[in-house]
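So the chains spell out like this:
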Amino acid sequence: MAVDQLSAPLTKEQAYALVDAVMERDDLALTASAHENEDTGEWFFEATCDSPPDLEGFAELARQVLGGAVEFSVDAIDPDINWVAKSLEGLAPVIAGGFYVYGSHETGPIPEGLTPMKIDAAQAFGTGHHETTTGCLEAIEMLLARRHPQAIIDIGTGTGVLAIALAKRLGGRILATDIDPIAVTTTLENARENGVETHIEAIEATGLDHADIAARAPYDLLVANILAGPLTALAPDMAGVAQPGATVILSGILNTQADGMIAAYETAGFALIDHLKRKDWTTLVLEKR
């Protein structure tokens, strides 16, 4: 199968935003990343795609996410290279909070005292390496030191890493949702791989619009690591399914977007408890008043 690399010079914020948007879909790219040229300081968006790439699809998504036209360049890459294996080579285990996230390629011993989670790179977003995921895991660790929620929902679950972390620590039943059916399948597979399949129910849902979500409400912990736009739009619905005193953990937010997100959730009836910053990314911890 022929594979191409698609790239475009962007600002750092634009490159990360486009990566997140591409990885929410399963029809545009095999992988997507943002990186800086250390010699020039210029930032690039890159995506590995089946050849030929859907340039119209990328252009339309860029207009939606970035608000303007982006010119992409396309280069053929060596089809004899196993790009999935090559990408995995660079993914070292991640320690975030009390969690240890690793791929199946990792052969080293699991450190004592940490909760292990085996999560491989996949079409769904979330291997634990992005600052948004590590921020959520750290926020979960801090929350569990204070209390143990019972009614939990993970919105935009991706690979299921956050739902699995909560299931490993708390047991019980956790509802994991995603707009992408591949993410739902991946979450269930990862739950089985990590021995928590009886604790996680994964469903395909857009936002909070699903009968199963309504049936399980109200929740005392809501976790959502998606994008700033959808998170802002969800604020009133979050308030509608959160019980008084519930904790909400939000990420997928650039530091420059944090103030607007806080304002939207304060308007919806939440109070800011903590604000974690990891490089360019924010994780917010809020409480339903």
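Residues numbered from 1 in each chain as written. Predicted model: local features only at pLDDT ≥ 70, side-chain atom pairs only at ≥ 80, totals over all residues. Heavy atoms only, no water.

J.: Explain the overall build of the protein chain residue by residue, including any values.
T.: Broken down by element type, the protein chain carries nine helices and 14 strands. Taken over C-alpha atoms, the radius of gyration comes to 19 Å for the protein chain, in line with the 19 Å a tight globule of 289 residues would show. Looking at the protein chain as a whole, 49% of its 289 residues qualify as buried. Excluding contacts between residues fewer than 6 apart, the proportion of contacts in the protein chain whose partners are at least 24 apart in sequence is 65%. Total accessible area on the protein chain is roughly 12,900 Å²; 50% of this is exposed by carbon and sulfur atoms. Between the averaged position of the 17 positive side-chain charges in the protein chain and that of its 43 negative side-chain charges there is a distance of 10 Å. (Helix = DSSP H or I, 4+ residues; strand = E, 2+ residues; numbered from the N terminus. Rg over C-alpha atoms; globule rule 2.2 N^0.38 Å. Buried < 20%, exposed > 50% of the residue type's maximum accessible area, 1.4 Å probe, protein only. Contact = heavy atoms within 4.5 Å. Areas by Shrake-Rupley, 256 points an atom, 1.4 Å probe, with all protein chains shown as cover. Lys, Arg positive; Asp, Glu negative; His and termini not counted. Charge placed at Lys NZ, Arg CZ, Asp CG, Glu CD.)

J.: Tell me about the packing of helix α4 (residues 131-144) against helix α5 (residues 161-170), and please be specific about residues and values.
T.: Between α4 and α5, the shortest axis-to-axis distance is 10 Å and the interhelical angle comes to 25°. Here α5 runs roughly parallel to α4, going by the angle between their axes. Between α4 and α5 lies a crossing of right-handed hand. Across the interface between the two elements, Thr 133, Cys 136, Leu 137, Ile 140, Glu 141 and Leu 144 of α4 pack against Val 161, Leu 162, Ala 165, Leu 166, Arg 169 and Leu 170 of α5. In terms of residue class, the contact of α4 with α5 is built from nine nonpolar, one polar and two charged. (Axes fitted to C-alpha atoms, helices over the stretch in contact; angles between N-to-C directions. Parallel < 35°, antiparallel > 145°, perpendicular 65-115°, else oblique. Left-handed = near helix turned anticlockwise from the far one by under 90°. Nonpolar A, V, L, I, M, F, W, Y, C, P; charged D, E, K, R; others polar.)

J.: Describe the pairing of strand β3 (residues 43-50), listing the residues and the values that go with them.
T.: Regular strands place their side chains on alternate faces of the sheet. Burial runs high along β3: six of the eight residues are buried. Two strands pair when backbone bridges link them, and strand β1 (residues 3-10) and β3 are joined in this way by eight bridges, in the antiparallel orientation. Bridging from a neighbouring strand, Asp 4 pairs with Cys 49 of β3. Across six bridges, the pairing between strand β2 (residues 31-36) and β3 is antiparallel. Note that in β3 the partner of Ser 33 across the bridge is Glu 46. (Pairing = 2+ DSSP bridges.)

J.: I'd like a rundown of the sheet that holds strand β7 (residues 115-118), residues and numbers included.
T.: Read across the open sheet, the three strands follow the order β5-β6-β7; overall the sheet is mixed. The strands lining the two open edges of the sheet, one partner per strand, are β5 (94-96) and β7. Taking each pair of neighbouring strands and ignoring which way they run, the sheet shows an average axis angle of 25°.

J.: So what's going on with the sheet that holds β3? Residues and values would help.
T.: The strand order β2-β3-β1-β4 describes an open sheet built from four strands, whose pairing is antiparallel. Whereas interior strands pair on both sides, the edge strands pair on one side only; in this sheet they are β2 and β4 (73-77). Put simply, the sheet's adjacent strands are angled 25° from each other on average, direction ignored. Where helix α1 (residues 12-23) meets the sheet, its contacts fall on β1, β2 and β3, and the angle it forms with β2 comes to roughly 170°.

J.: Residues and numbers for the pattern of salt bridges, please.
T.: Considering all chains together, one arrives at 10 salt bridges under this definition. The salt bridge involving Glu 138 is made with Arg 278; its shortest N-O contact spans 2.5 Å. Taken together, the positions of Glu 138 in helix α4 and Arg 278 in strand β13 (residues 270-278) put the pair 140 residues apart, joining distant regions of the chain. (Salt bridge = Lys/Arg side-chain N within 4 Å of Asp/Glu carboxyl O.)

J.: Lay out the layout of surface pockets in plain terms, naming residues and giving numbers.
T.: Here the second largest pocket is characterised by a volume of approximately 580 Å³. Glu 24, Gly 156, Asp 178, Ile 179 and Ile 226 are the residues nearest the centre of the second largest pocket, which is lined by 35 residues in total. At the level of secondary structure, the elements contributing two or more residues to the lining of the second largest pocket comprise α1, α2 (55-66), α4, β8 (152-155), α5, β9 (174-178) and α8 (228-241). Among the residues forming the lining of the second largest pocket, the class breakdown is 16 nonpolar, 13 polar and six charged. (1 Å grid on protein atoms, 1.4 Å probe; cavity = no way out; pocket = protein on both sides within 12 Å on 5 of 7 lines; lining within 4 Å. Points joined across faces, edges and corners; volume = space filled by probe spheres on them.)

J.: Could you give an account of unusual backbone geometry, with specific residues and numbers?
T.: Omega for the bond connecting Ser 51 with Pro 52 falls within 30 degrees of zero, at -5°, which places this linkage in the cis form. For Pro 52, the position within the fold is in the loop between β3 and α2. Between Ala 217 and Pro 218 the backbone carries a cis peptide bond, its omega angle lying at 5°. For Pro 218, the position within the fold is in the loop between α7 (211-216) and β11 (219-225). Although it is not a glycine, Lys 279 adopts a positive phi angle of roughly 55°. Within the fold, Lys 279 resides in the loop between β13 and β14 (281-288). For Lys 279, a relative accessible area of 69% puts it in the exposed group.

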